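Structural description and commentary
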Amino acid sequence: MIPLPLARIAEITSGALAGMADPRAVVRGPVVIDSRAVEPGSLFVAIKGDRVDGHDFAAQAVEAGAVAVLASRPVDVPAVVVGDAVAALAALATAVCAELPSVTVLGVTGSAGKTTTKDLLARLTARIGPTVAPVGSLNNEIGHPLTVLKADEDTRYLVLELSARYAGDIAHLARVAPPAIGVVLNVGTAHLGVFGGKEAIAKAKGELVEALPADGVAVLNADDPLVAAMARRTDARITWYGRAETATVRAEGVTLDDRGRAAFTLRTPSGAAPVALRLYGEHAVENALAAAAAAYELGLPVATIAEELSEAEPRSRWRMEVTDRDDGVTVINDAYNANPDSMRAAFGALDALAGGRRRFAVIAALRELGEESAALNEGVGRLAGGAGLEGLFVVGPDAGPVLAGARAAVDGASAVTRVTHVADAEEAGAALSALLAPGDVVLVKGPRAAGLERVAEALLGGDRR
């Protein structure tokens, strides 16, 4: 963060200094919402959540070295008191971003693949300048400004992930840090119940391209009709990526190795270069192309782009993490989150990676699908039931439609898949551990609220390589 005195922070946030706060005291960062992350020079933002109230940790934060607390009510330590701490955090990030002398903001959105694409793009921009990007998925009204506030005078590229739970969310995040390049990956069924249809989801995702300046660049997926239609919503220049021959940056000759990792020729207007991804699943090609197209617009040579894409390892946890145990059991931990589209991609990756080996899966019912929840979850069950599994474990109390779909698929195919309903991740891990034999492959995939990462952790224990 660029150094700011408390008086300036109060001015930016329309706050009032309290608790004997010194207006000349300088915050040098980091700005944090967890008192355990405080360092000398920090600003601690006290946010009242559903389970924890940050105001209760104000004294602890100052004792750890925080210059002050950004709070929505008085606390007994130096503070800037504001009406709404989250809104004040956004205002502070907006002001700091506007003062960065040479930063280029790149935004990434889509129904699936945002984090992987952001990670790849941050790796590419780091080749040409100091880059700030979120770790994991800090992509909402809190995580987004916290990431922006990590930037300082030396930052050249700010690579941000933008998510939407409601219409207007992405537009808000784009105002905090106005993007020069906007990348839209796809329009799927994530949060379908909140938005009410894919067209509404497309409208929300398209807020990113609407935020671009006329001299900006919209990087759009030529293979997704709803994304392609967003070209009409911006005056920015369009760069197309995908597998279509009309795409400016495209993949040709895609193949998968015996671990389910894709290789292809990266084709651009200035030449081509081979790419061999270390990321698992054919769906990673789309993410790599999106990052490549944005990097191409920044002037990176195609050979450099291909080299970086080929060397990139998974950076954010619980997203297609593939681990081989000493006994040859392979665990695919893709438990960060799930929607119908990412479920299909995950089972495709399982099929490619497993080959002729025995395969198992642990899944849970998907959330936020609205009126179509039962039908879509039944479809997920049919997908899993028809995936040639030795065993399928469905976790949670709301698993009825998934189980129905899975059992219908198994019965219809005269398959031998054993479908088991379990109460929670712990029961799934214990039951599965008793069945696994050397060489088996396990996919763990479900919505974040199901906590299925605990299944993978139980299966791996201390054996990670």
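Here, every reference points to the structure presented above.
The present account deals with the structure reproduced in this document. It should be emphasised that the depicted structure is a prediction, and the values quoted were computed from it without experimental measurement.

Glancing now at the overall build of the protein. Regarding its fold elements, the protein presents 17 helices and 22 strands. In summary, the protein has a C-alpha radius of gyration of 23 Å against a globular reference of 23 Å for 465 residues, a match within 12%. Based on the C-alpha atoms only, the size of the protein along its principal axes is roughly 75 × 50 × 45 Å. Relative to its full complement of 465 residues, the protein shows a buried share of 54%. Contacts in the protein between residues far apart in sequence, at least 24 positions, make up 65% of those at least 6 positions apart. Taken as a whole, the protein presents about 18,600 Å² of accessible surface, with 50% of it coming from carbon and sulfur.

With that out of the way, let us pick up the side chain of Asn-186. Note on placement: Asn-186 falls in the loop between β11 (181-184) and α7 (192-195). From its side chain, Asn-186 meets the backbone nitrogen of Ala-112 in a polar contact 3.0 Å long.

With that settled, the discussion passes to the sheet that holds strand β22 (residues 441-445). Reading across the sheet, the 6 strands line up as β17-β18-β22-β19-β20-β21 and stay open at both edges, with mixed pairing between neighbours. Whereas interior strands pair on both sides, the edge strands pair on one side only; in this sheet they are β17 (321-324) and β21 (418-422). Within this sheet the neighbouring strands show an average axis-to-axis angle of 15°, counted without direction. Judged from the 5 bridges that link them, strand β19 (residues 359-364) and β22 form a sheet pairing that is parallel. Its bridge partner lying in β22, Ile-363 is registered against Lys-445.

Pairing geometry for β17 and strand β18 (residues 330-334), over 4 bridges, is antiparallel. When the bridges of β18 are listed, Val-322 appears paired with Ile-332. What sits between the antiparallel neighbours β17 and β18 is a turn of 5 residues, in which Gly-328 has the positive phi angle 95°.

What follows covers the sheet that holds strand β15 (residues 261-268). Taking strand neighbours across the sheet as the criterion, the 9 strands line up as β9-β10-β8-β11-β12-β13-β14-β15-β16 in an open arrangement whose pairing is mixed. Each edge of the open sheet carries a strand with a single partner, namely β9 (131-132) and β16 (271-280). Here β9 pairs with strand β10 (residues 157-161) via 2 bridges, running parallel. When the sheet's bridge partners are listed, Val-132 is paired in β10 with Leu-158. Helix α12 (residues 302-311) contacts β15 and β16 of the sheet and is inclined by roughly 15° relative to β16.

Turning our attention to the packing of aromatic side chains. According to the stated counting rule, one finds 0 aromatic pairs in the structure shown. One cation-aromatic arrangement involves Arg-319 over Tyr-336; the distance from NZ or CZ to the ring centre is 3.8 Å.

Let's shift gears to the side chain of Asn-139. The residue Asn-139 is located in the loop between β9 and α5 (143-148) in this model. The class for Asn-139 is buried, based on a relative accessible area of 11%. A distance of 2.8 Å separates polar atoms of two side chains, one belonging to Asn-139 and the other to Glu-161. The contact partners of Asn-139, leaving out residues within four places of it in the chain, are Lys-114, His-144, Glu-161, Leu-162, Ser-163 and Leu-173.

The rules behind these values
Residues numbered from 1 in each chain as written. Predicted model: local features only at pLDDT ≥ 70, side-chain atom pairs only at ≥ 80, totals over all residues. Heavy atoms only, no water. Helix = DSSP H or I, 4+ residues; strand = E, 2+ residues; numbered from the N terminus. Rg over C-alpha atoms; globule rule 2.2 N^0.38 Å. Buried < 20%, exposed > 50% of the residue type's maximum accessible area, 1.4 Å probe, protein only. Contact = heavy atoms within 4.5 Å. Areas by Shrake-Rupley, 256 points an atom, 1.4 Å probe, with all protein chains shown as cover. Polar contact = N/O pair within 3.5 Å; in protein donor to acceptor, adjacent residues only side chain to side chain. Pairing = 2+ DSSP bridges. Axes fitted to C-alpha atoms, helices over the stretch in contact; angles between N-to-C directions. Phe/Tyr/Trp six-rings, centres within 6.5 Å; stacked < 30°, edge-to-face > 60°. Lys NZ or Arg CZ within 6 Å of the ring centre and 35° of its normal.

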